[in-house]
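Coordinate inspection notes
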Amino acid sequence: MRDVLLTALAPIIWGTTYFITTQFLPPNRPLFVSVIRALPIGLLMLAGSGELPKSKWLWRASVLGALNIGLFFALLFTAAYRLPGGVVATLMAIQPLLVAMLAWVILPEHPALRTFIAAGFGLFGVGLIVLGPAVRFDTVGVIAGMAGALVMACGTVWTKRWGRSASLLVFTSWQLIAGGLMLLPFVFAIEGAPPTLTTRNLLGFAWLGIVGTGIAYALWFRGIGKLKASTVALLGLLSPVSAMLLDFLLLKQSLTRVQIGGAALVLGSILISQLRGAEDSSHDVISERTWK
């Protein structure tokens, strides 16, 4: 349960991303925002150890950095700038189903039927929280959101498949740097010169980089190493619940009974996925280093 609770902190923190993006960050700069979110904190984390990936971990860190950070951030912020946060959250909520299916193929981890049922109920619950009759759709944004869910699902499963060969902070820093460097050339080629940053922008980047990326991803990767991949993915459904509560507390948006019911459904789906969790952990969970 301690591992579940610590891992759950990551998506709860990520629930602040849409609020920070719309209220604090420069508009319409998805690639620039992605690089600034990943690269500075990655370099700071690496500076503390100076440990670089060696041998096969050089390309593995690059692949995981592309999936978990570079591609995912670019697709996430593209969707966030084009769609309401609720639509983005719903698109990302298909990730647990994708992870469960990928884990069946790539990992010797066969999710129980309750995992697929929980993922389905969780997706429905997210839809109740965030979708309304006035919701608008943008084709590029929808494609980016769905692609982002698939990319993160792949990153979650392959992180589990390969384990890690270094401490948690070093392992996280490798991926943040790889993902940030991958996007850096495209920032100048597509978006041009960086915008002038205000104090408000800097505060937003500080939160997003230190807490929303450095701390949250370290907790997330730790959870992937200790829990089943499908269990970790289901915890990601807490993100839209967190975002809903943040809107209620900070933006003074009212909550409907349908939204409250959706949040209860999400929490219930996570509880269902944890049934007999201790027994599953003793038999099915792969050691962090099994696939190294």
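This is a predicted model, so every value here is computed, not measured.

What counts and how
Every chain's residues receive numbers from 1 upward, in the order its sequence appears when written. Only residues with pLDDT of at least 70 get local features here, since the model is predicted, and only at 80 or more are side-chain atom pairs given and counted; chain-wide, interface and lining totals rely on the full set of residues. To get the side-chain values, all heavy atoms of the structure are used, and hydrogens and water are removed first. Helix and strand assignments come from DSSP, with helices taken as H or I runs of at least 4 residues and strands as E runs of at least 2, each series counted from the N terminus. Note on contacts: a residue pair is in contact if any heavy atoms of the two residues lie within 4.5 Å. Computed by Shrake-Rupley with a 1.4 Å probe, the accessible areas treat only the displayed protein chains as cover when residues are assessed. Salt bridges are defined as contacts in which a side-chain nitrogen from Lys or Arg sits within 4 Å of a carboxyl oxygen from Asp or Glu. Categorising residues by exposure relies on relative accessible area from a 1.4 Å probe, with only protein chains included: less than 20% of the type maximum marks a residue as buried, more than 50% marks it as exposed, and the intermediate range marks it as partly exposed. Polar contacts, as used here, are pairs of N or O atoms within 3.5 Å; protein pairs need one atom able to donate a hydrogen and one able to accept it. Residues neighboring in sequence count only if both atoms are side-chain atoms. Only buried residues count toward a nonpolar core. Its members are Ala, Val, Leu, Ile, Met, Phe, Trp, Tyr and Cys residues joined through side-chain atoms within 4.5 Å. For every element, the axis is a line fit to its C-alpha atoms; helices are fit only across the contacting stretch, and the angle between N-to-C directions ranges from 0 to 180 degrees. Every angle not falling under 35 degrees, over 145, or within 65 to 115 is termed oblique; those three ranges are roughly parallel, roughly antiparallel and roughly perpendicular. Each crossing gets its hand from how the near helix is turned against the far one by less than a right angle, where anticlockwise is left-handed and clockwise is right-handed. Residues are grouped as follows: nonpolar covers Ala, Val, Leu, Ile, Met, Phe, Trp, Tyr, Cys and Pro; charged covers Asp, Glu, Lys and Arg; every other residue, Gly included, is treated as polar. In this analysis, rings of Phe, Tyr and Trp, with Trp reduced to its six-membered ring, are considered paired at centre separations within 6.5 Å, and the interplanar angle assigns stacked below 30 degrees, edge-to-face beyond 60, and tilted for intermediate values. Geometrically, a charge over a ring is one whose NZ (Lys) or CZ (Arg) sits within 6 Å of the ring centre while staying within 35 degrees of the ring normal. Per-residue confidence from the predictor is reported as pLDDT, which spans 0 to 100. Each helix should span, by expectation, one fewer than its residue count multiplied by 1.5 Å.

1. Some thoughts on the overall build of the protein chain
- Looking only at helices and strands, one finds 14 helices and 0 strands in the protein chain.
- Taking the contacts inside the protein chain whose residues are at least 6 apart along the sequence as the reference set, 90% of them involve residues at least 24 apart.
- Roughly 13000 Å² of accessible area belongs to the protein chain as shown, and the carbon and sulfur atoms make up 71% of that amount.

2. A closer look at the pattern of salt bridges
- On inspection of all chains with the given rule, the structure shows 1 salt bridge.
- Note that Asp3 and Arg222 form a salt bridge whose closest N and O atoms lie 3.0 Å from each other. On the criterion of sequence distance, the pair formed by Asp3 in helix H1 (residues 2-14) and Arg222 in helix H10 (residues 199-226) is long-range, its members being 219 residues apart.
- Accessibility expressed as a relative area gives 23% for Asp3, which makes it partly exposed.

3. Remarks on unusual backbone geometry
- Unlike most non-glycine residues, Asn28 shows phi in positive territory, near 55°.
- Tracing the chain through its elements places Asn28 in the loop between helix H2 (17-24) and helix H3 (30-47).
- Its relative accessible area of 57% is what places Asn28 among the exposed residues.

4. Some points on the side chain of Asn68
- Among the structural elements, Asn68 can be located in helix H4 (residues 56-82).
- At 2.8 Å, the side chain of Asn68 and the side chain of Gln175 are in polar contact.
- When residues no more than four places from it in sequence are discounted, the contact partners of Asn68 are Phe73, Met152, Gly155, Thr156, Thr159, Gln175, Tyr217 and Phe221.

5. Quick notes on the nonpolar core
- With 73 residues, the main nonpolar core has Phe72, Trp174 and Trp220 as its most contacted residues.
- If near-sequence neighbours (up to four positions away) are discounted, Phe72 is found in contact with Ala66, Leu67, Met92, Gly148, Val151, Met152 and Tyr217.
- Ala93, Leu234, Leu237 and Met244 belong to the second-largest nonpolar core, a separate cluster that totals 9 residues.

6. A look at the packing of H4 against helix H8 (residues 139-162)
- Put simply, H4 and H8 touch, their axes get as near as 8 Å, and they point 155° apart. On the basis of their axis angle, the class for H4 and H8 is roughly antiparallel. The hand of the H4/H8 crossing is left-handed.
- By residue class, the composition of the contact of H4 with H8 is 17 nonpolar, 8 polar and 2 charged.

7. A word on the packing of aromatic side chains
- For the coordinates displayed, the defined rule picks out 12 aromatic pairs.
- Considering the side-chain rings of Trp59 and Trp162, the 5.4 Å spacing of their centres and the 85° angle between planes classify their relative orientation as edge-to-face. Here Trp59 is found in helix H4, whereas its partner Trp162 is found in helix H8, with 103 residues between them in sequence.
- Centre to centre, the rings of Trp158 and Trp162 are 5.2 Å apart; their planes meet at 45°, and the pair counts as tilted. In this pair, Trp158 and Trp162 are both assigned in helix H8, 4 residues apart and thus about one turn of the helix distant.
- Accessibility expressed as a relative area gives 9% for Trp162, which makes it buried.
- Chaining the aromatic ring pairs together yields one cluster made of Trp14, Trp57, Phe72, Phe73, Phe77, Phe171, Tyr217, Trp220 and Phe221.
- Over the ring of Trp57 we find Arg60, and its NZ or CZ is 5.3 Å from the ring centre.
- Taking NZ or CZ as reference, Arg200 lies 4.2 Å from the ring centre of Phe24, over its face.

8. With respect to the environment of Val33
- As for its position among the elements, Val33 is in helix H3.
- C-alpha of Val33 to C-alpha of Thr21: the two residues are 12 residues apart in sequence and 8.7 Å apart in space.
- If near-sequence neighbours (up to four positions away) are discounted, Val33 is found in contact with Leu25, Pro26, Phe77, Tyr81, Phe205 and Leu208.

9. Brief notes about the confidence of the model for the protein chain
- For the protein chain, the average pLDDT comes to 81, and 86% of its residues sit at 70 or higher.
- Confidence, read as mean pLDDT per element, is least for helix H14 (residues 277-283) in the protein chain (45) and greatest for H3 (93).

10. What to know about the environment of Gly225
- By secondary structure assignment, the location of Gly225 is in helix H10.
- Once the C-alpha coordinates of Gly225 and Leu168 are considered, the two residues, 57 residues apart in sequence, prove to be 9.8 Å apart.

11. Description of helix H6 (residues 95-106)
- In this model H6 runs 16 Å from its N-terminal to its C-terminal C-alpha over 12 residues, within 8% of the 16 Å that 1.5 Å per residue would give.
- Here H6 has its buried residues at Gln95, Pro96, Leu98, Val99, Ala100 and Ala103.

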